[in-house]
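# Coordinate inspection notes
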Amino acid sequence: MKKRHLIIGAGNAGLSAAAAIARLKPKDEIEIISDEPWAPYCRCLLTYYLEGKISEERLFSWGKEIIHKNRLDYHQNERVISVDTENLTIECESGRKSRADTILIATGGRPLKPDFPGADLPGIFTLRTFSDAQAIQKRLKPGGRWAVAGAGLVSIKTIAALRQHDIKIDLFASSNRILSQVLDPYSSDLAATKLAENQIEIHLNEEITAAEPAADNQLKITTSSDRELLVDGLLYGKGVAAAHPLDKNQVVDNSSQDNWSADQSKLPNPWQQMQNGIKVNSQLEFQPNIYAAGDTARIFDLARKQTDRLPLWPLAGEQGLFAGHNMTAATPNSNRHYPGGVSCNSFSLFGLDFISAGYREIPTDDRNWHSRKQKQAKFYSRLNFHKNQLKGFILCNANPDNINSLKKSGPLLARIKREAL
Ligand SMILES: Cc1cc2nc3c(=O)[nH]c(=O)nc-3n(C[C@H](O)[C@H](O)[C@H](O)COP(=O)(O)OP(=O)(O)OC[C@H]3O[C@@H](n4cnc5c(N)ncnc54)[C@H](O)[C@@H]3O)c2cc1C
């Protein structure tokens, strides 16, 4: 029987689901809705777009091709404000309503906004969307000075892009090291040294506490160390929260239908859990015929054995494929179970390449854990084991002639997954 599917969000999760449905059930109807005013694009490439490495056309070519190839009914610039989970209906800000047999919530994440005095001033940005990138680009002045708050991956990728415009950067991190989520202290020091060599000033344990307008369209920022700095712009990159149009009344406790039985997460109440991502079961179903995937979903972290948000591009895509398959399944027995994912990041900083996955560090007070490290002049690797099971790794290479050393990451990632399963 022909079904109608509604997908909210046209990121990698939403588009991968739509493509899977179109392939499996070519006669089914698929409506895909995005609140962004253009075709879908590859979000990970935004910093390369800012850097000038890739064109606007290339940024959008991925999404345009999927929409075109699968002849998707794509509604842009339309915001979904509510989902009626019982009647399988959604309502948009425009007043339009739409009903379907299955709904996928693939609404991604939204960056945390600063809340210090002056946080709303022009010149203060987050980077999540193409409009953010355009706004940042308009403000860029070669030879200028910018501040960056937060030392996570998006901030670090943006810094590399800003440096290409000969912009001087001050990086403020509230923690005592940079990239603490994806590197261990040793590799974090390697990254910090590389940034310092490239004229980026790093201020650890220091936060921006206020901003005010200054002459020549600049901002005067003040920090927790009473430092005052005149900058042309400020990028705020202090994390991303799950974005979804569900509310408190729609919380359900679906833990009983959870096949991820090894889940050790202990979030106190279901609403707090949902603000931290929609908890789905292993079929990626939140409630009957309502699915969630990608950055907005809490899924099983294979390395850590608990549900969590794993906001990564490839994982959003694979969850989209599983969700799309299950949305077309004729009976629950034909559903496919998503085993879970492992967080894995790869990035390059001025010629220093990193790939890391799973546990980047280990608990120091537990004798069941050990690490194997290799430190050479231009290469660092660390493998982390729990009772001889590989749980995570970091590879770091600064030698362009030794790029093959990073190829180990594929088998290592596969081993973490295999041993976890
Ligand atoms: C600058 C940057 C660099 C990144 N680099 C990497 C990287 O190197 N590697 C990596 O793995 N990941 C990277 N990421 C993360 C990666 O982009 C995300 O994990 C991935 O895009 C998540 O896909 P998604 O489909 O879940 O959500 P999204 O890509 O966020 O898509 C969600 C879509 O839903 C729409 N939406 C939200 N709410 C509504 C609503 N109410 N109504 C209608 N539409 C709505 C949004 O506008 C958006 O278009 C990066 C992210 C950024 C911002």
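Values in this document were obtained by computation on a predicted structure and should not be read as measured data.

### Some remarks on the sheet that holds strand S6 (residues 97–99)
Spatial strand order, S4-S5-S6: three strands in an open sheet with antiparallel pairing. Across the chains shown, the open sheet's two edge strands, defined by having one partner strand only, are strand S4 (80–84) and S6. Adjacent strand axes in the sheet meet at a mean angle of 20° when their direction is disregarded. Bridge analysis of strand S5 (residues 89–92) against S6 gives three bridges, and the strand direction is antiparallel. Across the sheet, residue isoleucine 90 finds its bridge partner in S6, namely serine 98.

### Some words on the nonpolar core
Counting 109 residues, the largest nonpolar core has Ala17, Ala18, Leu104, Ala147, Leu234, Tyr291 and Ala293 as the members making the most contacts within it. Broken down by element, the residue count for this core peaks at eight residues, all from helix H1 (residues 12–24). Sequence-distant contacts of alanine 293, that is, excluding residues within four places in its chain, are made with Ala13, Ala17, Leu104, Ala106, Leu284, Ala316, Gln319, Gly320 and Ala323.

### Quick word on helix H9 (residues 409–420)
Residues that lie three or four places apart on an α-helix share one face, since the helix turns once every 3.6 residues. For H9, spanning twelve residues, the distance from its first C-alpha to its last is 16 Å, which sits close to the expected 16 Å at 1.5 Å a residue. Within the span of H9, buried status applies to Leu412, Ile416 and Ala420. Viewed along the axis of H9, the buried residues span an arc of 65°, placing them on a single side of the element. Along H9, exposed side chains directed more than 90 degrees from the buried face belong to Gly410, Pro411, Ala414 and Arg418.

Reading the values: rules and limits
- Residues numbered from 1 in each chain as written.
- Predicted model: local features only at pLDDT ≥ 70, side-chain atom pairs only at ≥ 80, totals over all residues.
- Pairing = 2+ DSSP bridges.
- Helix = DSSP H or I, 4+ residues; strand = E, 2+ residues; numbered from the N terminus.
- Axes fitted to C-alpha atoms, helices over the stretch in contact; angles between N-to-C directions.
- Core = buried A, V, L, I, M, F, W, Y, C linked by C-beta atoms within 7 Å.
- Buried ≥ 20, exposed ≤ 12 C-beta atoms within 10 Å, placed from the backbone.
- Contact = placed C-beta atoms within 7 Å.
- Expected span 1.5 Å × (residues − 1).
- Arc of directions from axis to C-beta.

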